Amino acid sequence: MNSSKSPGLAGFGVLKNSTCHTEKKISVFFSIIFMTAGILSNSLAIVILMKAYQRFRQKSKASFLLLASGLVVTDLFGHLINGAIAVFVYASDKDWIRFNQSNILCSVFGICMVFFGLCPLFLGSVMAVERCIGVTKPIFHSTKMTSRHVKMMLTMVCLFAVLIALLPILRFRAYQIQASRTWCFYKTEHVEDWEDRFYLLLFSCLGFLALAISFLCNAVTGITLLRVKFKSQQRQGRSHHFEMIIQLLAIMCVSCICWSPFLVTMARIGINEGGSKETCETILFSLRMATWNQILDPWVYILLRKAVLKNLYKITSGCCGVHVINLHMWELSSIKNSLKVAAISESPGSSRQINLQPLSSMGQ
């Protein structure tokens, strides 16, 4: 057990020297709640996506549905696999020495933690780029963003996340059992080797890069939709603009709030050359915050739809005593029609008569 070079006993030194003590009942409760909530919400999102794909087979919507499906499927398997391993660890009283002699379970757990952590962030940034292209360059989007291209992007994103997760294994650097003895990840205690710091910083930098791309693309998309809304004198398409803006704000807020603590914590551990000062309670709290992002993803991307926003608008207006008027603006929220509005309003050589005809035809 004292041999730190043995790959089968990697991380067992943490078990002996760890000063982190977590209450078992509370930890098991959190794991079961997170796992159940994630499975239920993502399963419901998958059902809604399947029905939406069968009902709307528009080309402009196909790429979004495929990317959203990849996101919720990834989140679902993340909760299933990571949650099942975590519950098994708790059920075994966190006795890693008994059931992890060859370090296989810890390696699988660490690979899954990295993969299912980075892959949703990457997919979120790809979805943001796809929406930005669809709104700002609708003609390019309709001709180049085919289902085959979207499937290729999904495959490349997954392969890249797998490569990052397998990088320590390929470098013969085993994943470590963390101080709480409940999960495996990169080495986070007494990090002095440059390679251990590199993995932590790589994970943090890739996560922050994905969030930055999502934030930038969503901001451009929101500004473009607002410009189209204010330029247009007609009321058609406003429901889709409002729906998209609300979704973009929710996506940015949820992703940044949930992932920033964990990414910042990993970055601070990687930068601190003299050893980390982060406590295992801080790391566990940031990890649970990141887990909430995978629970809230389907609700933000799929379930925050026009019907929900319409009902919330009615309830809020009724509570505030404001008379609800012009609700017919919610009736048409087709992505195809919205892209037509964006394309026509951004055309430099189009006349006012050409702009008014498509707008009036969409209201019919």
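Residues numbered from 1 in each chain as written. Predicted model: local features only at pLDDT ≥ 70, side-chain atom pairs only at ≥ 80, totals over all residues. Heavy atoms only, no water.

With numbering matched to this structure, UniProt assigns "transmembrane region" (unreviewed entry) to residues 26–50, 62–90, 102–129, 150–170, 198–226 and 246–271. With 100% helix and 0% strand, the stretch residues 150–170 has end C-alpha atoms that lie 29 Å from each other. (UniProt positions renumbered as here; feature names shortened; annotations may be inferred. Helix = DSSP H or I, 4+ residues; strand = E, 2+ residues; numbered from the N terminus.)

Quick look at the packing of helix α5 (residues 104–136) against helix α7 (residues 147–170) now. Where α5 meets α7, the closest approach of the two axes is 8 Å, and the angle between their N-to-C directions is 145°. Crossing geometry of α5 relative to α7 is assigned as right-handed. Of the residues in α7, those in contact with S107, I111, V114, F115, L118, C119, F122, L123 and V126 of α5 are M153, L154, V157, C158, F160, A161, V162, I164, A165, L166 and I169. Counted by class, the contact of α5 with α7 contains 19 nonpolar, one polar and no charged residues. (Axes fitted to C-alpha atoms, helices over the stretch in contact; angles between N-to-C directions. Left-handed = near helix turned anticlockwise from the far one by under 90°. Contact = heavy atoms within 4.5 Å. Nonpolar A, V, L, I, M, F, W, Y, C, P; charged D, E, K, R; others polar.)

Let's shift gears to a nonpolar patch on the surface. A grouping of F160, V162, L163, L166, I169 and L170 is seen on the molecular surface, where their side chains present a nonpolar patch of about 470 Å² in accessible area. Tracing the backbone through its elements, the reader meets L163 in helix α7. (Patch = residues over 30% accessible without salt bridge, like charges linked within 9 Å, V, L, I, M, F, W, Y side chains within 5 Å. Areas by Shrake-Rupley, 256 points an atom, 1.4 Å probe, with all protein chains shown as cover. Salt bridge = Lys/Arg side-chain N within 4 Å of Asp/Glu carboxyl O.)

What follows is about empty space enclosed by the protein. With the rule as written, the count across this model stands at three cavities of 30 Å³ or more. Roughly 480 Å³ of volume is contained in the largest cavity. Surrounding the largest cavity, 27 residues form its lining, F34, N82, M113, L287 and T291 being those nearest its centre. For the lining of the largest cavity, the elements supplying multiple residues, two or more each, are α2 (24–55), α3 (59–91), α5, α9 (238–271) and α10 (280–303). Partitioning the lining of the largest cavity into residue classes produces 16 nonpolar, 10 polar and one charged. (1 Å grid on protein atoms, 1.4 Å probe; cavity = no way out; pocket = protein on both sides within 12 Å on 5 of 7 lines; lining within 4 Å. Points joined across faces, edges and corners; volume = space filled by probe spheres on them.)

A few words on the side chain of N82. Structurally, N82 can be placed in helix α3. Once residues lying within four places of it in the same chain are set aside, the contact partners of N82 are F77, F109, C112, M113 and F116.

Here the focus is the state of the cysteines. Here is the idea: a disulfide is a covalent bond, and it sits between the sulfur atoms of two cysteines. All told, the structure shown has one disulfide when counted by the stated rule. Note that C106 is cross-linked by a disulfide to C184, the S-S spacing being 2.3 Å. Here C106 and C184 share a disulfide; its torsion about the S-S bond, -125°, makes the bridge left-handed. Taken together, the positions of C106 in helix α5 and C184 in strand β2 (residues 184–185) put the pair 78 residues apart, joining distant regions of the chain. Summarising the burial analysis for this pair, C106 and C184 share the class buried. C132 provides the cysteine sulfur closest to C217, a residue in no disulfide bond, and the two sulfurs are 4.8 Å apart. Residue classification places C217 among the buried positions, given a relative accessible area of 12%. (Disulfide = S-S within 2.5 Å. Buried < 20%, exposed > 50% of the residue type's maximum accessible area, 1.4 Å probe, protein only.)

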